[in-house]
Amino acid sequence: MHQSSVRRNVVAWLQAGPMALVFLAFFLIPLLFVVIVSFWDYNDYEMLPIFSGRGYTDTFEGCLQQLPEFCTILRTYGSTLKFCFLVWSITLVIGFTVAYFLAFHVRSKSWQIGLSLLCTIPFWTSNVIRMIAWIPLLGRNGLVNKALVEAKIVNQPLEWLLFSEFSVVLAFVHLFTFFMVVPIFNSMIRIDKSLIEAAYDAGATGFQTLVNVIIPLSKPGIVIGSIFVITIVMGDFITIGVMGGQQIASAGKIIQTRLDAIQFPAAAANAVILLAATMMIIFSMTRLVDIRREL
Amino acid sequence: MSKPSDNKPSDSKRSGKTSGISRRTMLKGAAGFTGLATGSGAITGFPYVMSAEPKVLRYLGTGVNEGDLIGTQCLKDTGIKLEYITATTDDVTKRVITQPNSFDVLDTEYFSLKKLVPSGNILALDAKKIKEFDNITPVFTKGHLPNGKKIGDQGTAPWKVLYLEGKNSKVFSKTPTEFVTLIPTVYNADTLGIRPDLIKRPISSWAELLNPEFKGKASILNIPSIGIMDAAMVVEATGQYKYADKGNMTKAEIDLTMKLLTEAKKAGQFRAFWSDFNQSVNLMASGETVIQSMWSPAVTAVRKKGIPCVFQPLKEGYRSWATGFCVSKGVSGAKLDLAYEFVNWFLSGWAGAYLNRQGYYSAVLSTAQKSMEPYEWAYWMEGKPAEKDIKGPDGSLLEKAGTVRDGGSYDDRMGSVACWNAVMDENDYMVRKWNEFIAA
């Protein structure tokens, strides 16, 4: 008995080992380097391995003096959080609805699989191409504006359709709703149908069943989907750059500008700040739902 | 500057492959083979074995000078195979600093030298080994036109950073020496691009970029070191401030410039910012913007779509840039000779004519002229109406007969340069302020 448990332990370690090594070599060690470099000094053309908090102090420059106004970094994170919240809530509603439809309205297994495969079709082309495809549609002389003007709904082309917060959110929702659909769908198909029947038999309305049975049981899927969407939006600078006309700041953009100027320690410091902010959000979400228990 | 650099997606792969075999192992291999061969007495043709080493140069640059046609012609004329590694200016600089052994020949801009030279990763070339060095236009060596007219020297003007004090020096020399940081190849004068059909009135000043008349229809580059120069041109044009050196601002001057830009941004002046060639073309061609910072070939690209676009000369002058060649510090011996052979070929005319036909200027005008038709020279360089249709280097029609080049002759354009692309002493502060401007 004792021997077999030791053996099982060894086997478990061997099984987890390769992944752990990959994780260590390609994630933890590089991350450690990023943290170390973030405390180095720098000049115009090289990193100086001298301890310095300059990367951080420069990043938070003027944050105290400018109060009550927000400094660059806080404004940037403010706008990123706003995008996070908007995209998260919209993708959640759409993703939940789609998953609900797939899980409860589509009866046959093969249709379920077929339809969920259909959802993946947009992923056959690259993110950037799907983003750029919006530009001729939403532009000042784009298809949407032409249709609106010709239908006499508006007199002048709408300017806010493109290179605005609207277009950024639209592109995010278009690109990432699927990341909500899959985990939620995955949680939903595992809900025992007899629970729903029981709720129905007990006299619950459709809405009550949704709120009291389906949503609580879909929670792990919702949390996993939310983590996907939030981490992507927090780190994104390409979508915000392309759809926002490069006029909207993002944490990723700050890192990129610093890298381009060969200010690696400052870029590393910003990367650490971004990581910390994202971790805090995810940590508080996992506080709400213990994913491990629910899985 | 990120010139059209997305043309060659496979370059990184190609360069990765070649960097696996270093010159040293190649030589060792060749020497070993030679020893074996001569020892056995089977082969006496020693030079034959040496020439079996392929003539290959890994060429890192921004795409301005990297045409497939240039590569083909170079192989034909000299037997040197160019392996292009194309990147944006910022990425080129990053690569020189972090991976100096990943390339042989470097093609980069003069303003990057303020970062590259102190890093010690580039090797200055010897002017004595450059055949055409004395024929290089005085724009680079003395800061004036061939006709003697002085050129604006604000910013990182090439003649300020052209020479080094010694072979391995990290200090720029104020007087000519034989050690040249970059052998110049190409340069141009940049200004605003406009859509005359949508503006419908003459534009003559940089100040128009922030004119509220074009609210929501203007754009500027989102490359801090160049964007702020354009902004400085606007500030001076509106008469709000006169800089001692637009290319080397004090912190207070940076604050002032960014404040003006930020106010304009908050008032909705800009439709979008752009950071690469294609974005600038699309913004203009789709009518999202009617006035913006632009590069000459991008204007040509808009016109090729049948949309009117003008590279508008302005009374305050142009913001100029220039690029040239040097080699990695890791290059020596036979490979270095190869690099000299290549640079000499590049300045010998064919490539210069190729660049001139794109609207850029060649560093050695005399050789480029010999490789161009007189009517082409008259159109591109002398500002005369085209006698025949003007074709691009690839043979496509650029302009119909009778048109005159925007901005006129070489002397008119280069003579009106007000400042050069620059890296400021306060670069770090400027980058932070630029981030603030984007976040505003």
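Structural data are supplied above this passage.
Residues numbered from 1 in each chain as written. Chains lettered and ligands numbered in written order. Predicted model: local features only at pLDDT ≥ 70, side-chain atom pairs only at ≥ 80, totals over all residues. Heavy atoms only, no water.

Visitor: Tell me about empty space enclosed by the protein, residues and numbers included.
Guide: Applying the stated rule across the entire model yields 4 cavities of 30 Å³ or more. Taken together, 14 residues make up the lining of the largest cavity; nearest its centre are S296(B), T300(B), R303(B), W380(B) and R405(B). Mapped by element, the contributors of at least two residues to the lining of the largest cavity are α12 (296-304), α16 (374-380) and β18 (397-399) of chain B. In terms of residue count, the dominant contributor to the lining of the largest cavity is α12(B) (4 residues). Partitioning the lining of the largest cavity into residue classes produces 5 nonpolar, 4 polar and 5 charged. Of the voids in this model, the second largest cavity is the one considered here, and its volume is about 120 Å³. Lining the second largest cavity are D58(A), T59(A), E61(A), T72(A), I73(A), I254(A), R258(A), N270(A), R432(B), N435(B) and E436(B). Contributing elements (two or more residues each) for the lining of the second largest cavity: α2 (54-59), α3 (72-105) and α12 (251-260) of chain A together with α18 (427-439) of chain B. (1 Å grid on protein atoms, 1.4 Å probe; cavity = no way out; pocket = protein on both sides within 12 Å on 5 of 7 lines; lining within 4 Å. Points joined across faces, edges and corners; volume = space filled by probe spheres on them. Helix = DSSP H or I, 4+ residues; strand = E, 2+ residues; numbered from the N terminus. Nonpolar A, V, L, I, M, F, W, Y, C, P; charged D, E, K, R; others polar.)

Visitor: How would you summarise the state of the cysteines if you had to cite specific residues and measurements?
Guide: Working definition of a disulfide: a covalent bond connecting the sulfur atoms of two cysteines. All names here are of chain A. Here the structure, examined in full by the defined rule, presents 1 disulfide over all chains. Paired through a disulfide, C63 and C71 show a sulfur-sulfur distance of 1.9 Å. On the sign convention where negative means left-handed, the S-S torsion of about 70° between C63 and C71 marks this disulfide as right-handed. Judged by its relative accessible area of 12%, C63 is buried. Overall, the relative accessible area of 1% leaves C71 in the buried class. The closest cysteine sulfur to the non-disulfide-bonded C84 is located on C71, 19 Å from its own sulfur. (Disulfide = S-S within 2.5 Å. Buried < 20%, exposed > 50% of the residue type's maximum accessible area, 1.4 Å probe, protein only.)

Visitor: With reference to specific residues and values, describe unusual backbone geometry.
Guide: All names here are of chain A. Even without glycine at this site, F163 takes up a positive phi of about 55°. Accessibility expressed as a relative area gives 14% for F163, which makes it buried. Residue Q246 is not a glycine yet carries a positive backbone phi of 65°. Within the secondary structure, Q246 is located in the loop between α11 (238-243) and α12.

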